[in-house]
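# Observations on chain architecture
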Amino acid sequence: MEVVVRLEGVSTTYEGERRPAITDINLLVERGELITIIGPNGAGKTTLLETINGLLPSEGLVEVFGLSVREHGRELRRRIGYVPQDFMVEAGTPFLVKDVVAMGRVGRIGPLRPIREGDWEIIWAVMEELGIADLADRPIGKLSGGQQQKVMIARALAKEPELLLLDEPFSSLDARSRMVVCEILDGLREERGVTVLVVTHDLSAIPEGCERIVLLNEGRITADGAPDQVFASEAFLRAYGPVRAVIA
């Protein structure tokens, strides 16, 4: 199988901090995988995604599609869709929904190229899939948290990414919207071999199609495997304590 993400001995330390946020991370992600990254608050989940996306300086080997993110970060991000955890925008933000989604398309084709009819077809198709086409001409700052989250997911999908990095993508979505997004992710994996990494602290938000879980705790990977294996591990018990129910 094709390796999409390769991390070897990776540590990332934020500026001004002495202690790394993630330490000695070794991770291989193959094409078409859907991996959920779990762990308690402060475990390093967001840092891991940002490191893969080339947004943070790090030590060790970080490769995406066989290329170093240090040397080819800008080029690689044209192939990566990223939904950050902190997506909320201020109420007065004037950008229309369709223009925000179109920003994702610009990220794919390049900032100096015009958005053509074919690009707009992709943009509208993504909004239709997520049920936000009727919001296209509304300012994003006037939307609810759940609606804004759908817009940010649409922006990432409009890029037609080969790798999706989703940080808490379901936090503001209702059950129906969550199911729609999961169905879209399954379709992208099956039809185009898109690779998906999902970060969540909420165990009930693990996508149904997830076949592999990576557990982070105190900046280190402490378990990596099938959901049942990870949930039965001592590392999971140390990270979460007794849990009454896990929905995978």
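Fair warning: this is a prediction, and the values are worked out from it, not measured in the lab.

## Here we look at the pattern of salt bridges
In this structure the tally under the stated criterion is 12 salt bridges. Between Lys98 and Asp137 there is a salt bridge, and its shortest N-O distance comes to 2.7 Å. Placement of the pair is Lys98 in helix H3 (residues 97-109) and Asp137 in the loop between helix H4 (117-130) and helix H5 (145-158), with a sequence separation of 39 residues. On the basis of relative accessible area, Lys98 is assigned to the partly exposed category, the value being 23%. In this structure, Arg105 and Asp119 form a salt bridge, with 2.8 Å as the shortest nitrogen-oxygen distance. With Arg105 in helix H3 and Asp119 in helix H4, the pair connects residues that are 14 residues apart, well separated along the chain. What makes Arg105 buried here is its relative accessible area of 7%.

## Let's talk about the nonpolar core
The biggest cluster of nonpolar side chains holds 50 residues, and the ones touching the most others in it are Leu130 and Leu164. Sorting elements by how many residues they give to this core places H5 first, with 7 residues. Every residue in contact with Leu130, bar those within four places of it in the chain, is listed here: Lys150, Ile153, Ala154, Leu157, Val181 and Ile184. Counting residues in hydrophobic clusters, the runner-up holds 27 residues, among them Val10, Ile25, Val29 and Val64.

## Regarding the packing of aromatic side chains
Two numbers describe a pair of aromatic rings. These are the distance of the centres and the angle of the planes. Applying the stated criterion to the full structure yields 2 aromatic pairs. Aromatic side chains Phe231 and Phe236 sit 5.3 Å apart centroid to centroid with 65° between the ring planes, which places their arrangement in the edge-to-face category. A relative accessible area of 4% places Phe236 in the buried class. Members of the aromatic cluster, each reached through a chain of ring pairs, are Phe231, Phe236 and Tyr240. One cation-aromatic arrangement involves Arg79 over Phe65; the distance from NZ or CZ to the ring centre is 4.0 Å.

## Topic: the sheet that holds strand E4 (residues 59-64)
Taken together, the 4 strands give an open sheet; going across it, the order is E2-E1-E4-E5, and neighbouring strands pair in antiparallel fashion. With partners counted over all chains shown, the strands left at the sheet margins are strand E2 (22-30) and strand E5 (67-68), one partner each. Against the sheet, helix H1 (residues 45-52) touches strand E1 (3-12), E2 and E4, its axis set at about 120° to E1.

## Points about the pairing of strand E3 (residues 34-38)
Walk down a regular strand and you will see the side chains alternate between the two sheet faces. For E3, the buried fraction is high: 5 of the 5 residues fall into the buried class. Both faces of E3 are covered, namely the face carrying Leu34, Thr36 and Ile38 and the face carrying Ile35 and Ile37. Pairing geometry for E3 and strand E8 (residues 195-199), over 4 bridges, is parallel. Across the sheet, the residue bridging to Thr36 is Val198, located in E8. Sheet analysis places E3 next to strand E9 (residues 212-217), joined by 4 bridges and oriented parallel.

## Some remarks on the environment of Leu28
Tracing the chain through its elements places Leu28 in strand E2. Accessibility expressed as a relative area gives 41% for Leu28, which makes it partly exposed. Distance in space between the C-alpha atoms of Leu28 and Val4 is 7.7 Å, their sequence separation being 24 residues.

## Focus: the environment of Ile115
Take Ile115: it is sitting in the loop between H3 and H4. Along the backbone, Ile115 and Ala102 are 13 residues apart, and their C-alpha atoms lie at a distance of 8.1 Å. Apart from the residues within four sequence positions on either side, Ile115 is in contact with Ala102, Val106, Ile109, Trp120 and Ile123.

## Points about the packing of H4 against H5
At a minimum axis distance of 9 Å, the contact between H4 and H5 shows a crossing angle of 140°. Judged on the interaxial angle alone, H5 and H4 are oblique. The crossing of H4 and H5 is right-handed. Between H4, through Ile122, Ile123, Val126 and Leu130, and H5, the contact on the second element is made entirely by Lys150, Ile153, Ala154, Leu157 and Ala158. In terms of residue class, the contact of H4 with H5 is built from 8 nonpolar, no polar and 1 charged.

So, how was this worked out
Residues numbered from 1 in each chain as written. Predicted model: local features only at pLDDT ≥ 70, side-chain atom pairs only at ≥ 80, totals over all residues. Heavy atoms only, no water. Salt bridge = Lys/Arg side-chain N within 4 Å of Asp/Glu carboxyl O. Helix = DSSP H or I, 4+ residues; strand = E, 2+ residues; numbered from the N terminus. Buried < 20%, exposed > 50% of the residue type's maximum accessible area, 1.4 Å probe, protein only. Core = buried A, V, L, I, M, F, W, Y, C linked by side-chain atoms within 4.5 Å. Contact = heavy atoms within 4.5 Å. Phe/Tyr/Trp six-rings, centres within 6.5 Å; stacked < 30°, edge-to-face > 60°. Lys NZ or Arg CZ within 6 Å of the ring centre and 35° of its normal. Pairing = 2+ DSSP bridges. Axes fitted to C-alpha atoms, helices over the stretch in contact; angles between N-to-C directions. Parallel < 35°, antiparallel > 145°, perpendicular 65-115°, else oblique. Left-handed = near helix turned anticlockwise from the far one by under 90°. Nonpolar A, V, L, I, M, F, W, Y, C, P; charged D, E, K, R; others polar.

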